[in-house]
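Summary of the model geometry
Here are the chains, one letter per residue:
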Amino acid sequence: MSDMSDTTRFELFSYWRTSATYRVRVAFNLKGLTPQERNVDIDAGEQRSPEFLKINPMGAIPALIDHGDGQPATPLTQSLAILEFLEETAPEPALLPADAHGRARVRSLSQMLAADTHPLITPRIKKYLTTEGKFDDAAWRAWQIHWFSTGLQALEQRLANEPDTGKFCHGDTPTMADICLASIVVVMRVFKIDVTGIPTVMRIMDACEALEAFGKADPRRQVGAPQT
Ligand SMILES: N[C@@H](CCC(=O)N[C@@H](CS)C(=O)NCC(=O)O)C(=O)O
């Protein structure tokens, strides 16, 4: 890490309720680092503004700029790539196991959620389905429930049956897989969606939320969150 303070060094483009930004927030918290957050209002479509598309042509957050060398580096995008970057540059506490099989398992659990579940319920998919696909509110809600359930119930099968599951997804300390698990559960709450039959997932969610690093990243505690 450079001598610069972490808040000056890291600029994180974020929004209060997003799952992918939550993942990065939790990782920063676990590593004891604090980025400067820059709000991108995805409900107002700011992710598709010409200014933001220069930072991430995919029109999605998070994006992270590292000012550590004095010059702003090329923005980093994709929450899992950012987690891996933090893991390499601030290795303690480790968010990946020490052994290759363990690392592959944690990455696999993480990708079930971050790559195969979450992208299906993003605003850009909603926009397409409700315009080109003529989905009404009920069809969109059924779509959300279907994909949240598919991802979390498959995760439940793995966590309940694989011997490496412990207090957390892999052993007794939090890893990237727990960050991804929690990132899906917190947005389910935002959307008021209930998935049944996932007791192991919810047990691990409780263990995550007992840690301040997860609690501090909760969408409801972010600047811009509705005060309900
Ligand atoms: N795979 C990306 C997903 C990024 C993503 O889709 N972010 C959402 C917020 S959680 C977003 O910015 N969506 C904007 C849109 O869909 O228009 C990651 O993990 O970073």
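All of the points below concern the structure found in this document.

1. Digging into the overall build of the protein chain
Looking only at helices and strands, one finds ten helices and four strands in the protein chain. Listing the helices and strands of the protein chain from first to last along the sequence gives α-β-α-β-α-β-β-α-α-α-α-α-α-α. The C-alpha atoms of the protein chain give a radius of gyration of 17 Å, which matches the 17 Å a tight globule of 228 residues would have. Reported as C-alpha extents along the three principal axes, the dimensions of the protein chain are approximately 50 × 45 × 35 Å. Taken over 228 residues, the protein chain has a buried fraction of 48%. Long-range contacts, defined here as pairs at least 24 residues apart, represent 69% of the contacts in the protein chain between residues at least 6 apart. Of the roughly 11200 Å² of accessible surface on the protein chain, a fraction of 54% belongs to carbon and sulfur atoms. A gap of 4 Å separates the mean positions of the 24 positive and 29 negative side-chain charges of the protein chain.

2. Looking at the state of the cysteines
For the structure on display, the rule yields zero disulfides. This cysteine, C169, is not joined by any disulfide, and C208 carries the nearest cysteine sulfur, 6.7 Å off. For C169, a relative accessible area of 0% puts it in the buried group. C208 sits in the buried class, given a relative accessible area of 0%.

Criteria and cut-off values
- Residues numbered from 1 in each chain as written.
- Predicted model: local features only at pLDDT ≥ 70, side-chain atom pairs only at ≥ 80, totals over all residues.
- Heavy atoms only, no water.
- Helix = DSSP H or I, 4+ residues; strand = E, 2+ residues; numbered from the N terminus.
- Rg over C-alpha atoms; globule rule 2.2 N^0.38 Å.
- Buried < 20%, exposed > 50% of the residue type's maximum accessible area, 1.4 Å probe, protein only.
- Contact = heavy atoms within 4.5 Å.
- Areas by Shrake-Rupley, 256 points an atom, 1.4 Å probe, with all protein chains shown as cover.
- Lys, Arg positive; Asp, Glu negative; His and termini not counted.
- Charge placed at Lys NZ, Arg CZ, Asp CG, Glu CD.
- Disulfide = S-S within 2.5 Å.

In short, shape yes, function no, at least from these values alone.
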